[in-house]
Amino acid sequence: PPQRWERTKWFLPTTTTNVPYLRALYDDGGRAVEQFTVALSNPGGEVTLRFSGKLLSDVSRSPDALLREAIEECFEPKDSATTDGLMEVFQRAENGFFQNAGRDYGSVGLFYIDGGLFPGEQGDRETYLLRMKDSPEALNNYEREIQTALSQLEQIRAGVGKVNKWERMQQSLNTVLSDIKR
């Protein structure tokens, strides 16, 4: 997402989606990557960065275990049920986007999410959502996934230790829903 956007304008974690790509790079001999496309003030970005760092430290580890650790470090859940709930929210938001985006991103890296490094269209349009606007069914599916994720998030608030991050995540999901309706 572009630097000009408010940091809670989107919620698009890229955790497990990147695992096959990063493992393939590793198998091809790659031993270094530059991770720079996340905003730490957005909980989706923070968990993405933590997840990626853990994956790059050991590409053979279970993606679910890595996501669990990243979520625990970010949100400090008070119990395993809250951790499980946060994992579902993250997976629902991530899979909801990539399964409805209308193209195979293969390697994500967020390069194509906002039209690349030099998008042809500037301004406040949510270009990552525009691709779905050509398919009302895909956009409706994504909207349902985000609504469900938001509902799940609201049910686990009491179990989240870092409430400020829960609040930013809630704001981000609400903003995504608002942008879908634009």
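This text goes with the structure placed above it.
Described below are features of the structure shown in this document. (Residues numbered from 1 in each chain as written. Predicted model: local features only at pLDDT ≥ 70, side-chain atom pairs only at ≥ 80, totals over all residues. Heavy atoms only, no water.)

Observations regarding the packing of helix 3 (residues 63–75) against helix 4 (residues 80–98)
Describing two packed helices takes the angle between their axes plus the distance from one axis to the other.
Turning to step 1, where the next piece is worked out: Running from amino to carboxyl end, helix 3 crosses helix 4 at an angle of 110 degrees, the nearest separation of the two axes being 10 Å. Overall, the two elements helix 3 and helix 4 adopt an arrangement that is roughly perpendicular. For the pair helix 3 and helix 4, the crossing hand works out as right-handed. Here D64, L67, R68, I71, E72 and F75 of helix 3 lie close against helix 4, whose contacting residues are S80, T83, D84, L86, M87, F90 and Q91.
Turning to step 2, where the next piece is worked out: Of the residues belonging to the contact of helix 3 with helix 4, the class tally is 6 nonpolar, 3 polar and 4 charged. (Axes fitted to C-alpha atoms, helices over the stretch in contact; angles between N-to-C directions. Helix = DSSP H or I, 4+ residues; strand = E, 2+ residues; numbered from the N terminus. Parallel < 35°, antiparallel > 145°, perpendicular 65-115°, else oblique. Left-handed = near helix turned anticlockwise from the far one by under 90°. Contact = heavy atoms within 4.5 Å. Nonpolar A, V, L, I, M, F, W, Y, C, P; charged D, E, K, R; others polar.)

Considerations on the pattern of salt bridges
Opposite charge on two side chains allows them to pair when their charged atoms are near.
Turning to step 1, where the next piece is worked out: Counting across every chain of the model gives 11 salt bridges.
Turning to step 2, where the next piece is worked out: Of the charged contacts in the structure, one is a salt bridge between E69 and R61, with a shortest N-O distance of 2.4 Å.
Turning to step 3, where the next piece is worked out: Measuring nitrogen to oxygen at the nearest pair gives 3.6 Å for the salt bridge that ties E76 to K162. Highlighted residues: E76 in the loop between helix 3 and helix 4 and K162 in the loop between helix 6 (136–155) and helix 7 (163–181), separated in sequence by 86 residues.
Turning to step 4, where the next piece is worked out: Since its relative accessible area comes to 42%, E76 is described here as partly exposed.
Turning to step 5, where the next piece is worked out: Each of E46, R50, K54, R61, E69, E73 and K165 takes part in salt bridges that share partners, so that together they form one network. (Salt bridge = Lys/Arg side-chain N within 4 Å of Asp/Glu carboxyl O. Buried < 20%, exposed > 50% of the residue type's maximum accessible area, 1.4 Å probe, protein only.)

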